[in-house]
Amino acid sequence: MKNVSQLIIDARAEGKPRINLFQFHFAQGVLNSTDAPFDVTVGGVTYLANGLVLEVGSIQSKTEPANLKKTITFSGADYSMMSIVLSLPQINRQVIQYQAYLNDDYTIIDTPYLEWQGLISDINSDGSLKSPKITIDTSTIFDDFDRRVNRTTTLASQQSHFPLCVGMKYAGEVNEKIKWGAK
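Residues numbered from 1 in each chain as written. Predicted model: local features only at pLDDT ≥ 70, side-chain atom pairs only at ≥ 80, totals over all residues. Heavy atoms only, no water.

Student: Tell me about the pattern of salt bridges, and please be specific about residues and values.
Tutor: Pairing is possible between side chains of opposite charge, provided their charged atoms come close. Across all of its chains, the model carries two salt bridges by this definition. Asp104 is paired through a salt bridge with Lys16; the nearest N and O atoms lie 3.5 Å apart. On the criterion of sequence distance, the pair formed by Asp104 in the loop between strand S7 (94-102) and strand S8 (108-125) and Lys16 in the loop between helix H1 (6-13) and strand S1 (18-26) is long-range, its members being 88 residues apart. Residues joined by salt bridges that share partners form a network here, namely Glu14, Lys16 and Asp104. (Salt bridge = Lys/Arg side-chain N within 4 Å of Asp/Glu carboxyl O. Helix = DSSP H or I, 4+ residues; strand = E, 2+ residues; numbered from the N terminus.)

Student: Tell me about the pairing of S7, and please be specific about residues and values.
Tutor: Taking burial as the measure, the nine residues of S7 include seven buried ones, the bulk of the element. Across seven bridges, the pairing between S1 and S7 is antiparallel. Bridge pairing links Phe22 to Gln97 in S7. Across eight bridges, the pairing between S7 and S8 is antiparallel. Residue Gln94 lies in a different strand from S8, and its bridge partner there is Leu119. Hairpin connection, S7 to S8: the antiparallel pair is bridged by five residues, and Tyr106 has positive phi, about 65°. (Buried < 20%, exposed > 50% of the residue type's maximum accessible area, 1.4 Å probe, protein only. Pairing = 2+ DSSP bridges.)

Structure (structure tokens):
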């Protein structure tokens, strides 16, 4: 159950306009975007109304642990967006979606609430020349039970978290055991 204030409940009942605020933690950095027709600043973070968010899939709440999925569709007409999502691996990067309701003067009612938090599981570009679209599929942590939780001292493991880091490049060449911490 979502923890929302009475102001949000009242706004929903009154049919106030709802907007989505997204934080995409891409390899290149965080992209803050909104489907509102204007930029929105909340808590010092500005969510850009660049018109890229075309569609946001819905989820159904369930009472048992299940892998829930959500699809977010972007316009591919902006080549900078294509470059961001397709130039580096983005799988298992975090996506956070907040929702907010607006007053008649377009100010946010109360504070945005967490609607979805997941990991990028797939990215597709349809390649259309007339109306290009980028589809980002996200899922919950229940999606990958086979994933190893611990990290290893390999370049691949390090770069899965920090793509440009080469700090573990020669880790495989060390032949002796290294003791960490106090004796």
